[in-house]
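Chain by chain, the residues run as shown.
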Amino acid sequence: MIEKFSKIGFVLAMAGSAVGLGNAWKFPTMVGNNGGSAFILLYIILTLGVAVVVFLAELAIGRLGGTDIVNSLTKLAPKHKRAWGFAGFFMLTAILIASFYMIVIGWILRYIFLSFDTLPQSTQEAANAFGALIKNDFLNVFVCFSIVFLIVFYVVSKGIKSGIEKLNIWMMPSLFILLVGLLLYAIFASGNFTKALNFIFIPDFSKLLNPQLILQALGLAFFSMSMGVGTVATYAASLPDGANLIKSTLSIIFINILIGIMMGLVVFSFIPIIDGQPASDGPGLIFISLASLFAQMGIIGNILAIAFFASLLFAGITSAVSMIEPFTLYLIHKFNISRNNAIAIIGIFVYLLGIFCILSYYEVTSNYFSIPALAINNEKPVAFFDILDLLTSNILMPLGALTFSIFVGYILKKEGLFTLFSGFMSRQWFEIWYFTLRYVAPLAILLIGAYQIISKI
């Protein structure tokens, strides 16, 4: 018997899965560099027009299957059941992501500890400190990764209601409160809030003429919603009876976009914006630029740093938890074992991969955990950490999303799908959704995957 979320529990858990560390650097940086509010509008249009279509398809698998992703696909497939069951193992993508994602969360935890003491005073000092952390400070990285690992797996061990739902019901509002507090400080005390507001919300529609930008927005729309790894279908299997699938989906999208914009306003209220561009982006935006700026603000900076890194910690942990649950549920059903035994098996695998990722950045052992044959642009060997990132984000996630879309669009019976959604959408809207799922979404996913791979070469 599968535990059920409450209605608000499902929305917050799914939003917690979608709201991750990318909201702190990827979303605001892409918005700021690619047309401001014009990019947000494009992102919303593509999310509602294409990404939601695939999201609802994965919801349908979980809702109709009512169990883990592998058994749901096997149960629902009219023929070739074994083959379609194997497609459910795209959930292993989430396990691979979790192994390096929890290391990044561990870096954040380390910076929370640092924020109670003395942060790096200059950008150069911050860059040196961050480089030293990941290249030379194996012990601190290992300890922080281990703490995050234990938190994530403890939450998953408690199950849907007592673990995942309780975590998100507590952490998601806490994340929002922290961001509101940071925003209020930014508005009244930072002196740069107007610049941040202009940076994100003044539209530059000329930038939208770039076809690459559309693919970037599509990619962000798809993969900010945790699709292609079984999380959506797994959580959907625990949907409460009578839940409005459309309303829940729109609520998840709204929360994801809202948190991304709030993060952007906070970050760019403190980060210098030069010639219409942020002074840095990616992890450097957080661990170098922001850390050094907080350090220059005295005790207020320490308080702000603690609040900001705590908000990132909350966002990261809720995402990491969602990555572990799909495979956990499968092992429970497949081998009839307890939840604790299932997460012990997964935990060993994730922990070992995580250590390999740490060692691939650690200067003493990096050569042993890198692959020269995959050197990008003939520059230098690629660390195991980066290989997992490249493999999951650019190859496995698009393939998973494509496979689930094809299954729902071409394998499941159309009328069965309409019965599922008939209480939430008219026949006309269903036909539009079904057409988009069969013909538009697969092409969009293929274009995203091809673009992401080519852009890395």
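Structure: see above.
Nothing here was measured: the structure is a model prediction, and the numbers come from that model.

Cut-offs and rules
- Residues numbered from 1 in each chain as written.
- Predicted model: local features only at pLDDT ≥ 70, side-chain atom pairs only at ≥ 80, totals over all residues.
- Heavy atoms only, no water.
- Helix = DSSP H or I, 4+ residues; strand = E, 2+ residues; numbered from the N terminus.
- Buried < 20%, exposed > 50% of the residue type's maximum accessible area, 1.4 Å probe, protein only.
- Contact = heavy atoms within 4.5 Å.
- Areas by Shrake-Rupley, 256 points an atom, 1.4 Å probe, with all protein chains shown as cover.
- Lys, Arg positive; Asp, Glu negative; His and termini not counted.
- Charge placed at Lys NZ, Arg CZ, Asp CG, Glu CD.
- Patch = residues over 30% accessible without salt bridge, like charges linked within 9 Å, V, L, I, M, F, W, Y side chains within 5 Å.
- Salt bridge = Lys/Arg side-chain N within 4 Å of Asp/Glu carboxyl O.
- Core = buried A, V, L, I, M, F, W, Y, C linked by side-chain atoms within 4.5 Å.
- Expected span 1.5 Å × (residues − 1).
- Polar contact = N/O pair within 3.5 Å; in protein donor to acceptor, adjacent residues only side chain to side chain.
- Axes fitted to C-alpha atoms, helices over the stretch in contact; angles between N-to-C directions.
- Left-handed = near helix turned anticlockwise from the far one by under 90°.
- Parallel < 35°, antiparallel > 145°, perpendicular 65-115°, else oblique.
- Phe/Tyr/Trp six-rings, centres within 6.5 Å; stacked < 30°, edge-to-face > 60°.
- Lys NZ or Arg CZ within 6 Å of the ring centre and 35° of its normal.
- Disulfide = S-S within 2.5 Å.

Chemist: I tried to follow the overall build of the protein on my own but got confused; where do I start?
Modeler: On a plain count of helices and strands, the protein comes out with 19 helices and 4 strands. When the backbone C-alpha atoms are referred to their principal axes, the protein occupies close to 60 × 50 × 45 Å. Looking at the protein residue by residue over its 457 residues, the buried ones come to 59%. Long-range pairs, those at least 24 residues apart, make up 81% of the contacts in the protein between residues at least 6 apart in sequence. About 18600 Å² of surface is accessible on the protein, with carbon and sulfur atoms providing 67% of the total. Each charge class in the protein can be summarised by its mean position, and for the 24 positive and 18 negative side chains these summaries are 13 Å apart.

Chemist: Even after reading the chapter, I still don't get a nonpolar patch on the surface, so can you show me in this structure?
Modeler: A surface patch of nonpolar side chains, about 780 Å² in accessible area, is lined by Phe176, Ile177, Val180, Leu184, Ile187, Phe188, Phe254 and Leu258. The set of elements that each furnish at least two residues to the nonpolar patch consists of helix H9 (159-190) and helix H13 (245-270). Sorting elements by how many residues they give to the nonpolar patch places H9 first, with 6 residues. Mapped onto the fold, isoleucine 177 is located in helix H9. In this structure isoleucine 177 comes out as exposed when scored by relative accessible area, which is 59%.

Chemist: Is there a simple way to think about the nonpolar core in this case?
Modeler: In terms of nonpolar packing, the biggest core is built from 171 residues, with Met102, Trp107, Phe222, Ile286, Phe308, Phe309 and Trp433 touching the most fellow members. Here the element with the most residues in this core is helix H15 (residues 298-335); it accounts for 18 residues. Setting aside residues up to four positions removed in sequence, phenylalanine 222 forms contacts with Val50, Ala51, Val54, Met227, Ala444, Ile445 and Ile448.

Chemist: Is there a simple way to think about the pattern of salt bridges in this case?
Modeler: It is possible for side chains bearing opposite charge to pair when their charged atoms get close. Enumeration according to the criterion identifies 5 salt bridges in this entry. In this structure, glutamate 325 engages arginine 339 in a salt bridge whose closest nitrogen and oxygen atoms are separated by 2.9 Å. On the criterion of sequence distance, the pair formed by glutamate 325 in helix H15 and arginine 339 in helix H16 (residues 339-361) is long-range, its members being 14 residues apart. When sorted by exposure, glutamate 325 lands in the same class as arginine 339, which is buried. Residue glutamate 431 is joined to arginine 427 by a salt bridge in which the shortest nitrogen-to-oxygen separation is 3.1 Å. Of the two residues, glutamate 431 and arginine 427 both sit in helix H19 (residues 427-456), 4 residues apart, roughly one turn of that helix. The exposure class of arginine 427 is partly exposed, given its relative accessible area of 33%.

Chemist: Looking at this structure, how should I read H13?
Modeler: For an α-helix the count is 3.6 residues per turn, leaving residues at separations of three or four pointing the same way. Its 26 residues place the ends of H13 38 Å apart at the C-alpha level, agreeing with the 38 Å of an ideal helix rising 1.5 Å per residue. Among the 26 residues of H13, 21 are classified as buried, and the element is accordingly described as predominantly covered. Of the residues flanking the start of H13, the one acting as N-cap is asparagine 244, its side-chain oxygen 3.1 Å from the backbone nitrogen of isoleucine 246.

Chemist: What am I meant to see in the side chain of serine 292 here?
Modeler: Tracing the backbone through its elements, the reader meets serine 292 in helix H14 (residues 283-295). At 2.9 Å, the side chain of serine 292 and the backbone oxygen of serine 289 are in polar contact. Serine 292 has contacts with Pro120, Gln121, Ser122, Thr123 and Ala126, leaving out every residue within four places of it along the chain.

Chemist: Quick question: what am I supposed to make of the packing of H13 against H15 here?
Modeler: If you want to describe how two helices pack, look at the angle between their axes and the distance between the axes. Where H13 meets H15, the axes come as close as 13 Å, and the angle between the chain directions of the two elements is 145 degrees. Remark: the crossing between H13 and H15 carries left-handed chirality. Residues Met263, Val266, Val267 and Phe270 of H13 pack against Leu304, Phe308, Ser311 and Leu312 of H15.

Chemist: Would you mind showing me how to read the packing of helix H6 (residues 92-115) against H15 here?
Modeler: Close contact between H6 and H15 brings their axes to 9 Å; oriented N to C, the two are set at 160 degrees. Classed by the angle they form, the pair H6 and H15 counts as roughly antiparallel. The two elements H6 and H15 cross, and the hand of that crossing is left-handed.

Chemist: Help me understand the side chain of serine 319, please; the structure alone is not making it clear to me.
Modeler: If you trace the backbone, serine 319 turns up in helix H15. A polar contact is formed between the side chain of serine 319 and the backbone oxygen of glycine 16, at a distance of 3.2 Å. A polar contact is formed between the side chain of serine 319 and the backbone oxygen of serine 17, at a distance of 3.1 Å. When sequence neighbours within four positions are dropped, the list of residues in contact with serine 319 reads Gly16, Ser17, Val19, Gly20 and Tyr101.

Chemist: Can you help me understand helix H1 (residues 7-18) in this one?
Modeler: Across its 12 residues, H1 extends 17 Å between first and last C-alpha, which sits within 8% of the 16 Å expected from 1.5 Å per residue. Turning to H1, its buried residues number three or more, namely Gly9, Phe10, Val11, Leu12, Ala13, Met14, Ala15, Gly16, Ser17 and Ala18. On its buried face, H1 is in contact with helix H2 (22-33), helix H3 (37-65), H9, helix H12 (231-236), H13 and H15.

Chemist: Looking at this structure, how should I read the packing of aromatic side chains?
Modeler: We describe a pair of aromatic rings using the distance from one ring centre to the other and the angle between the two ring planes. Here the structure, examined in full by the defined rule, presents 39 aromatic pairs. Measuring from centroid to centroid gives 5.0 Å for phenylalanine 435 and tyrosine 439, while their planes differ by 50 degrees, and the two rings are tilted. Of this pair, phenylalanine 435 and tyrosine 439 both sit in helix H19, 4 residues apart, roughly one helical turn. Look at tyrosine 439 and you get partly exposed, because its relative accessible area is 45%. Put simply, the rings of Phe100, Trp107, Tyr111, Phe130, Tyr185, Phe270, Phe287, Phe294, Phe308, Phe309, Tyr361 and Phe385 touch in pairs and so form one group of aromatic residues. Cation over ring: arginine 427 sits above phenylalanine 418, and NZ or CZ is 4.3 Å from the ring centre.

Chemist: Looking at this structure, I do not really get the state of the cysteines. What am I missing?
Modeler: Disulfides are covalent bonds that link the sulfur atoms of two cysteine residues. Taken as a whole and assessed by the stated rule, the structure comprises 0 disulfides. Cysteine 357 provides the cysteine sulfur closest to cysteine 144, a residue in no disulfide bond, and the two sulfurs are 16 Å apart. By relative accessible area, cysteine 144 is classed as buried at 2%.

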